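Fold and contact review
Below, each chain spelled out in residue letters.
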Amino acid sequence: MASPSKFRSNGADPAGESALIRIEHLHKTYHMGDNHVHALRGVSLEIARGSFVAIMGASGSGKSTLMNIVGCLDKPSSGKYYLDGVDVGALDRDELADIRNKKVGFVFQQFNLLARTSALENVELPLLYSDSDKSTFKERAMEALTAVGLAERYDHHPSQLSGGQQQRVAIARSLINNPQLILADEPTGALDSKTSVEIMGIFQRLNREKGISIVVVTHEPDIAHYSDRIIQFKDGHIIVDEPVANPRNAERELAEWPEEVEEKEPVA
Ligand SMILES: Nc1ncnc2c1ncn2[C@@H]1O[C@H](COP(=O)(O)OP(=O)(O)O)[C@@H](O)[C@H]1O
Ligand SMILES: [Mg+2]
């Protein structure tokens, strides 16, 4: 009889250790007094290295809860989570912070930049919590800003940047520790459509050129179709998990974007 080919078809090892993310029967229950909120109700999932995955689902379906666990910000109530082969549930607080800083970058809907600080300093920020050599900070931050096409704005403060530019600073910040994984929770939720495509283009480039795995939560089907796989949540369960047959190509779409929808420059 043929053995299950799930892990073997691509030449990977049979135990599934090649998966960057492996989640088994994950539950998360929030306790608030006598009230128990079952945010995740038995989620099993594998995400291979180098994937680009979109997560969809109604508000309250458990998407952010999953992202917090995958990003090692929180631990499951029960079930297993392996990140890069490490059993995350078995880690203590310091170890959790360590694996998070080394392997994961975060991008949020509202950018979460420090207002009174330059783009460069915002990007350097995660390095303050690492044991890296301080003399390299500026160079590394400039490199990350260059990767998102924003090097020339390094000394601008967030208020001097458009929403799309602020989100690019946030992506640069997520890149600063060379993560294997970027988790983006509604990264285009506060942006207009062309700017959203630009942001998805940056994620596509980081995914294809640097091999960084990307997981994006979005409400918008259009945005989800820049990924290679769409996972849909409902009431703490996965109800759909499908490959995207023909992912959209942001770079190509931007090259053909109609002239009249130009991005507005912010008032300095
Ligand atoms: N820190 C928390 N404490 C209590 N309940 C929470 C907490 N975070 C999320 N929830 C609840 O868990 C459920 C899933 O929330 P969430 O993961 O934020 O969903 P989504 O991101 O899909 O909107 C919701 O019912 C929400 O109210
Ligand atoms: Mg959410």
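1. Re the site of ligand 1
The immediate surroundings of ligand 1 are formed by Tyr-30, Met-32, Val-37, Ala-39, Gly-57, Ser-59, Gly-60, Ser-61, Gly-62, Lys-63, Ser-64 and Thr-65. Of all the secondary-structure elements, those providing two or more residues to the shell around ligand 1 are strand S1 (19-32), strand S2 (35-48) and helix H1 (63-70). In terms of residue count, the dominant contributor to the shell around ligand 1 is H1 (3 residues). Considered class by class, the residues forming the shell around ligand 1 number 4 nonpolar, 7 polar and 1 charged.

2. A few points about the pairing of S2
Pairing of S1 with S2, which is carried by 11 bridges, proceeds in the antiparallel orientation. Following the sheet pairing, His-27 is matched in S2 by Arg-41. Following S1, the chain reverses through 2 residues before pairing antiparallel with S2; Gly-33 in that reversal takes a positive phi of roughly 65°.

3. Observations regarding helix H5 (residues 163-175)
For H5, built from 13 residues, the straight-helix expectation of 18 Å at 1.5 Å per residue is met to within 8% by its first-to-last C-alpha distance of 19 Å. Within H5, 13 of the 13 residues are buried, which leaves it mostly tucked inside the rest of the structure.

4. Here we look at the sheet that holds S2
The strand order across the open sheet formed by 4 strands is S2-S1-S4-S5, and the pairing between neighbours is antiparallel. Here the strands that pair on one side only, and so sit at the sheet edges, are S2 and strand S5 (86-87). In the sheet, strand S4 (residues 78-83) pairs with S5 via 2 bridges, with the strands oriented antiparallel. Its bridge partner lying in S5, Tyr-82 is registered against Asp-87.

5. Some words on the nonpolar core
Grouped together as the largest cluster of nonpolar side chains are 66 residues, with contacts concentrated most on Val-123, Leu-145, Ala-172, Leu-183 and Ile-214. Residues in contact with Ala-172, not counting those within four places in the same chain, are Val-123, Ala-144, Leu-145, Ala-147, Val-148 and Leu-150.

6. Details of helix H6 (residues 193-210)
For the α-helix, the turn length of 3.6 residues means that residues three or four positions removed from each other point alike. For H6, built from 18 residues, the straight-helix expectation of 26 Å at 1.5 Å per residue is met to within 8% by its first-to-last C-alpha distance of 25 Å. Every buried residue of H6 is listed here: Ser-196, Val-197, Glu-198, Ile-199, Met-200, Ile-202, Phe-203, Gln-204 and Leu-206. Those residues of H6 that are buried lie in contact with H5, strand S7 (181-185), strand S8 (213-217), helix H7 (221-224) and helix H8 (250-255). Following H6 by one or two positions, Gly-211 has its phi on the positive side, about 70°.

What counts and what doesn't
- Residues numbered from 1 in each chain as written.
- Chains lettered and ligands numbered in written order.
- Predicted model: local features only at pLDDT ≥ 70, side-chain atom pairs only at ≥ 80, totals over all residues.
- Near = placed C-beta within 6 Å.
- Helix = DSSP H or I, 4+ residues; strand = E, 2+ residues; numbered from the N terminus.
- Nonpolar A, V, L, I, M, F, W, Y, C, P; charged D, E, K, R; others polar.
- Pairing = 2+ DSSP bridges.
- Expected span 1.5 Å × (residues − 1).
- Buried ≥ 20, exposed ≤ 12 C-beta atoms within 10 Å, placed from the backbone.
- Core = buried A, V, L, I, M, F, W, Y, C linked by C-beta atoms within 7 Å.
- Contact = placed C-beta atoms within 7 Å.

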